[in-house]
Amino acid sequence: QVQLVESGGGLVQAGGSLRLSCAASGSIFTINTMGWYRQAPGKKRDLVAYITSGGSTNYADSVKGRFTISRDNAKNTVYLQMNSLKPEDTAVYYCYAFTRVTGNSWGQGTQVTVSS
C-alpha cells in the first residue's frame, strides 16, 4: 500500500502562484507514476499532470505552460508548481500514485482557491 500526504493549497489572487507537495510512504518502491487530479464543485475529477518514474511528464491542455510537475525520488515527493493561476483553476487537488499491483492510491485532497 502507498500512503500520500498533500500540502501547499490555499487562497491566491489571479496571476499568483502556489506549489503543491505530495509525500509518499509505504510501498514506494512499487510506484510507477505520480500525479495530480483536480475536482471543481459539481464537476468530475480531471487529470492535471503526471510524471513517470523515468521522468516523462504529461499535462492537461488547460495548464500547459503554467504548471510544472516534478519529482524528488530521494524524498519520495512529487510537486506541482502552479503559476499564472486563474479562477478556473479553483478546485480540490488530489495527488495519486499508480502501481501495477494496487492501481491508484489517493491523497486526501488540498483546496486551491483563486480569486479574481
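S.K.: I'm lost on the overall build of the chain in this one. Help?
M.R.: Broken down by element type, the chain carries zero helices and 11 strands. Traced from its N-terminal end to its C-terminal end, the chain shows the element sequence β-β-β-β-β-β-β-β-β-β-β. Against the globule reference of 13 Å for 116 residues, the chain gives a C-alpha radius of gyration of 13 Å, in line with a compact fold. Taking the principal axes of the C-alpha coordinates as reference, the chain spans close to 40 × 25 × 20 Å. For the chain, with 116 residues in total, the buried portion stands at 41%. Across the chain, contacts joining residues at least 24 apart in sequence account for 53% of those joining residues at least 6 apart. Accessible area for the chain stands at about 6000 Å²; split by element, carbon and sulfur atoms hold 48% of it. If the 11 positive side-chain charges of the chain are averaged to one point and the 6 negative ones to another, these points end up 3 Å apart.

S.K.: Quick question: what am I supposed to make of the packing of aromatic side chains here?
M.R.: Here the distance between the centres and the angle between the planes together describe a pair of aromatic rings. Applying the stated criterion across every chain, the model contains three aromatic pairs. On the basis of an interplanar angle of 75 degrees and a centroid distance of 5.3 Å, the ring pair of Y37 and Y96 is categorised as edge-to-face. Highlighted residues: Y37 in strand β4 (residues 31-39) and Y96 in strand β9 (residues 91-99), separated in sequence by 59 residues. Judged by centre distance (5.3 Å) and plane angle (70 degrees), the ring pair of Y37 and W106 falls under edge-to-face. With Y37 in strand β4 and W106 in strand β10 (residues 103-106), the pair connects residues that are 69 residues apart, well separated along the chain.

S.K.: Which parts of the structure should I look at to understand unusual backbone geometry?
M.R.: Working note: non-glycine residues mostly have negative phi, and peptide bonds are mostly trans. Phi at N76 takes a positive value of approximately 55 degrees, unusual for a residue other than glycine. Note on placement: N76 falls in the loop between β7 (67-72) and β8 (77-82). Of note, S84 is a non-glycine position whose phi angle comes to about 50 degrees, a positive value. Along the chain, S84 falls in the loop between β8 and β9.

S.K.: Please clarify how the pattern of salt bridges should be interpreted in this entry.
M.R.: When the charged atoms of two side chains with opposite charge come close together, those side chains can pair. With the rule as written, the count across this model stands at four salt bridges. Of the charged contacts in the structure, one is a salt bridge between D89 and R66, with a shortest N-O distance of 2.7 Å. Of this pair, D89 sits in the loop between β8 and β9 while R66 sits in the loop between β6 (57-59) and β7, and the two are 23 residues apart along the sequence. Bridged by salt links that share partners, the residues R38, R66 and D89 form one connected network.

S.K.: What am I meant to see in the sheet that holds β7 here?
M.R.: What links the strands of a sheet is backbone hydrogen bonding, and the strands pair in either a parallel or an antiparallel sense. Overall, antiparallel pairing links the four strands, which are arranged β1-β3-β8-β7 in an open sheet. The open sheet has two edge strands with one neighbour each: β1 (2-7) and β7. Along the sheet, successive strands turn relative to each other by an average axial angle of 15 degrees, direction set aside.

S.K.: Looking at this model, I keep getting lost on the environment of P41. Mind explaining?
M.R.: Secondary-structure assignment places P41 in the loop between β4 and β5 (46-52). According to the relative accessible area criterion, P41 is exposed, its value standing at 75%. Sequence spacing of P41 and A91 is 50 residues, and the spatial spacing of their C-alpha atoms is 7.1 Å.

Calculation rules
- Residues numbered from 1 in each chain as written.
- Predicted model: local features only at pLDDT ≥ 70, side-chain atom pairs only at ≥ 80, totals over all residues.
- Heavy atoms only, no water.
- Helix = DSSP H or I, 4+ residues; strand = E, 2+ residues; numbered from the N terminus.
- Rg over C-alpha atoms; globule rule 2.2 N^0.38 Å.
- Buried < 20%, exposed > 50% of the residue type's maximum accessible area, 1.4 Å probe, protein only.
- Contact = heavy atoms within 4.5 Å.
- Areas by Shrake-Rupley, 256 points an atom, 1.4 Å probe, with all protein chains shown as cover.
- Lys, Arg positive; Asp, Glu negative; His and termini not counted.
- Charge placed at Lys NZ, Arg CZ, Asp CG, Glu CD.
- Phe/Tyr/Trp six-rings, centres within 6.5 Å; stacked < 30°, edge-to-face > 60°.
- Salt bridge = Lys/Arg side-chain N within 4 Å of Asp/Glu carboxyl O.
- Pairing = 2+ DSSP bridges.
- Axes fitted to C-alpha atoms, helices over the stretch in contact; angles between N-to-C directions.

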